[in-house]
Amino acid sequence: MTAQPRASEPIVVPVALGARAYDIVIGRGVLGSLGQRIRALRPGARAAIVTDEAVAKHHLAAAEAALKSAGVDCTAIRVPPGETSKNYATFDAVCEAILDSRIERGDLVVALGGGVIGDLAGFAAACVRRGIDYVQVPTTLLAQVDSSVGGKTGINSPHGKNLIGAFHQPVLVVADTALLDTLPKREFRAGYAEVAKYGLLGDAAFFAWLEKNWQDVFAGGQSSANFAREHAIAVCCRGKAGIVARDERETGERALLNLGHTFGHAFEAAAGFSDRLLHGEAVALGIALAFEFSARRKLISAADVARASAHLAAVGLPTHIKDVPGAPPPADRLMDLISQDKKVKRGRLTFILVRGIGQAFVENDVDPADVRAFLTEKLASS
């Protein structure tokens, strides 16, 4: 999995889900093939493109042109950018706009944007007319390596992140790595947390490769000899595709993909799902805390904790509570948010912990008192 590609042909990663199988197409410039691929999958279908206003400025015209050149009629639905759009009001507006567009069951939705748009548009597609097809066109690194794959869709609740939603698989994912060139550096860096996560949870060799090549991943393929970005995205997608194929609805192994998310989601919600702490930044902080919590339970060496945190810090991601601007939330608030985590079973906490780099596992019965004591200690030192 660490053999880097040497050609500019798109990389196709299959997601093996039987009758609901689909491909992830990864490469520089593949947005131009979007219409042809949709026409081949769903001849005669119309499309409603759901995007946000920021993405629309950069990529909507190209997406519309790709569809129209293949004879796919389309309309565009724009929402405000940012995590705050993952709410009931915006979800309602998107569903009504899809219906206003006369989208039928044989048509589809195109989610053109980052994780927020993918989750929001996918959930709308799952609900409108009791379920229509949708295509993911992720425009952020985080979405290309993680949220666009696997069929998790949803919106946020005041009780926590992604608590309202459905499993609804896309019929195609088109990940154009050239679109990442327009990302603000902070957002690209935040997405990189999910890239590192794949190495840290189950692929030590990939994590070692990232330690040596992360700067090439950030640089991208603007040089014809550099395919590090495509390689990293493909490795992550292959890893996730394999897990999703084995555990689509997260009854076991798929929970590993939440490494860092239990802590991270709590801090993200406490920050009001705002620009104060982006999702990927929260994941990076959560990963660092998960490694430290694992060390506290004598599961992992201090050296491995330091190595994981050092890499995240080297790319500019937060690894300590004090790295987050503003006053930290109290332990009671964090524990309340953690208690609403989707992995909680019968009131007992589930955490993804680690025994080493690339050796994550699911711990199903974590004592809340241990988590509270750990957070209290970390908050006191922040």
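Now for a description of the structure that goes with this document.

Each value, and the rule that gives it
- All residue numbers here refer to positions counted from 1 along the written sequence of the relevant chain.
- Only residues with pLDDT of at least 70 get local features here, since the model is predicted, and only at 80 or more are side-chain atom pairs given and counted; chain-wide, interface and lining totals rely on the full set of residues.
- Heavy atoms from the whole structure form the basis of all side-chain values; hydrogens and water molecules are not counted.
- In DSSP terms, a helix is any run of H or I states spanning at least four residues, a strand is any run of E spanning at least two, and both are numbered starting from the N terminus.
- Whether a residue is buried, partly exposed or exposed follows from its accessible area with a 1.4 Å probe, protein chains only, as a fraction of its type maximum: under 20%, in between, or over 50%, in that order.
- Charge counting follows a simple rule: Lys and Arg are positive, Asp and Glu are negative, and His as well as the terminal groups are ignored.
- A carboxyl oxygen of Asp or Glu within 4 Å of a side-chain nitrogen of Lys or Arg is what we treat as a salt bridge.
- N or O atoms closer than or at 3.5 Å make up a polar contact, with two conditions inside protein: a donor-capable atom paired with an acceptor-capable one, and, for residues adjacent in sequence, both atoms drawn from side chains.
- Here, residues are in contact when the closest pair of their heavy atoms is within 4.5 Å.
- A helix is expected to span 1.5 Å multiplied by its residue count minus one.
- Throughout, the arc means the angular range of directions from the helix axis out to the C-beta atoms.
- To form a nonpolar core, buried Ala, Val, Leu, Ile, Met, Phe, Trp, Tyr and Cys residues must be joined to one another through side-chain atoms within 4.5 Å.
- Note on aromatic pairs: the rings of Phe, Tyr and Trp (six-membered ring only in Trp) are paired at centre separations within 6.5 Å, and the planes decide the class, stacked below 30 degrees, edge-to-face beyond 60, tilted for the rest.
- The rule is short: NZ of Lys or CZ of Arg within 6 Å of the ring centre and within 35 degrees of the ring normal puts a charge over the ring.
- Pairs of strands are assigned from DSSP output, requiring at least two bridges between the strands.
- Lines are fitted to the C-alpha atoms to define the axes, a helix being fitted only along its stretch in contact, and any angle between axes, read from their N-to-C directions, falls within 0 to 180 degrees.
- Think of a patch as exposed residues, more than 30% relative accessible area, with no salt bridge, where like charges cluster within 9 Å and nonpolar side chains (Val, Leu, Ile, Met, Phe, Trp, Tyr) cluster within 5 Å.
- The accessible surface values rely on the Shrake-Rupley method and a 1.4 Å probe; as for residues, cover is taken only from the protein chains in view.
- Note on charges: their place is set at NZ of Lys, CZ of Arg, CG of Asp or CD of Glu.

## Regarding the side chain of Asp247
Line of reasoning, step 1. When you line up the elements, Asp247 lands in the loop between α8 (228-246) and α9 (261-270).
Line of reasoning, step 2. This buried residue, Asp247, is left without a salt bridge; Arg254 holds the nearest opposite charge, at 6.7 Å.
Line of reasoning, step 3. Separated by 3.3 Å, the side chain of Asp247 and the backbone nitrogen of Glu250 make a polar contact.
Line of reasoning, step 4. Beyond its immediate chain neighbours, meaning those up to four positions away, Asp247 contacts Gly252, Glu253, Arg254 and Ala255.

## Section: helix α11 (residues 302-314)
Line of reasoning, step 1. Compared with the 18 Å implied by 1.5 Å per residue over 13 residues, the 18 Å span of α11 between its first and last C-alpha is a close match.
Line of reasoning, step 2. Residues of α11 that are buried: Val305, Ala308, Ser309, His311 and Leu312. Along the axis of α11, the buried residues cluster in a sector spanning 155 degrees; they form a single face. For α11, the exposed residues lying more than 90 degrees away from the buried face are Ala302 and Ala303.
Line of reasoning, step 3. Against the buried residues of α11 lie α6 (185-202), α7 (204-219) and α10 (279-296).

## Remarks on the pattern of salt bridges
Close approach of charged atoms allows side chains of opposite charge to pair.
Line of reasoning, step 1. In the structure shown here, the tally under the stated rule is 21 salt bridges.
Line of reasoning, step 2. Measuring nitrogen to oxygen at the nearest pair gives 3.1 Å for the salt bridge that ties Lys197 to Asp146. Taken together, the residues Lys197 in helix α6 and Asp146 in helix α5 (residues 141-147) connect sequence positions 51 residues apart.
Line of reasoning, step 3. Taking the relative accessible area as the measure of exposure, Lys197 reaches 0% and is therefore buried.
Line of reasoning, step 4. Two residues, Arg296 and Glu377, come together in a salt bridge whose shortest N-O distance is 2.7 Å. Of the two residues, Arg296 is situated in helix α10 and Glu377 in helix α13 (residues 368-380); the sequence distance between them amounts to 81 residues.
Line of reasoning, step 5. Here the residues in one salt-bridge network are Glu83, Lys86, Asp119, Lys161 and Glu268, joined through shared partners.

## As for the nonpolar core
Line of reasoning, step 1. Ranked by internal contacts, the top residues of the largest apolar core, which has 58 residues, are Ile26, Tyr192, Val195, Phe206, Leu259 and Phe291.
Line of reasoning, step 2. At 10 residues, the largest contribution of residues to this core is made by α8.
Line of reasoning, step 3. Counting 27 residues, the second largest nonpolar core, distinct from the first, contains Ala271, Leu289, Val324 and Leu349.

## Things to note about the packing of aromatic side chains
The geometry of an aromatic ring pair comes down to the distance between the two centres and the angle between the two planes.
Line of reasoning, step 1. Summed over all chains, the structure comprises 10 aromatic pairs.
Line of reasoning, step 2. When the ring of Phe293 is compared with that of Phe374, the centres are 5.1 Å apart and the planes differ by 50 degrees; the resulting orientation is tilted. With Phe293 in helix α10 and Phe374 in helix α13, this residue pair connects regions lying 81 residues apart in the sequence.
Line of reasoning, step 3. Seen from the ring of Tyr198, Lys197 lies directly overhead, with NZ or CZ sitting 4.8 Å from the centre.
Line of reasoning, step 4. The ring of Phe361 carries the charged tip of Arg355 above its face, separated from the ring centre by 3.7 Å.

## Focus on the environment of Gly18
Line of reasoning, step 1. By the secondary structure assignment, Gly18 is in the loop between β1 (11-15) and β2 (22-27).
Line of reasoning, step 2. Taking C-alpha positions, Gly18 is 29 Å from Ala196, a pair spaced 178 residues apart along the chain.

## Structural notes on the sheet that holds β2
Line of reasoning, step 1. Pairing is mixed in the open sheet, where 7 strands are placed in the order β1-β2-β9-β6-β5-β3-β4. Of all strands in the sheet, those with a lone pairing partner are β1 and β4 (74-79), marking the two edges. Across this sheet, the average inter-strand angle for adjacent strands is 20 degrees, counted without regard to direction.
Line of reasoning, step 2. Sheet analysis places strand β3 (residues 47-52) next to β4, joined by 6 bridges and oriented parallel. Its bridge partner lying in β4, Asp52 is registered against Val79.
Line of reasoning, step 3. Sitting on the sheet, helix α2 (residues 53-69) touches β3, β4 and β5 (108-113), and the angle it makes with β3 is about 160 degrees.
Line of reasoning, step 4. Helix α3 (residues 88-100) rests against β3, β4 and β5 of the sheet, and its axis sits at about 165 degrees to β4.

## Re the side chain of Thr51
Line of reasoning, step 1. Checked against the element boundaries, Thr51 lands in strand β3.
Line of reasoning, step 2. Of the residues examined, Thr51 reaches a relative accessible area of 0% and is grouped as buried.
Line of reasoning, step 3. Among the polar contacts made by the side chain of Thr51, one reaches the main-chain carbonyl oxygen of Leu112 at a distance of 2.8 Å.
Line of reasoning, step 4. In contact with Thr51, other than residues within four places in its own chain, are Ala56, Leu60, Ile77, Arg78, Val79, Leu112 and Ile117.

## Thoughts on a positive patch on the surface
Line of reasoning, step 1. Judged by side-chain charge, Arg102, Arg105, Arg129 and Arg130 come together as a positively charged surface patch.
Line of reasoning, step 2. By the element assignment, Arg102 lies in the loop between α3 and β5.

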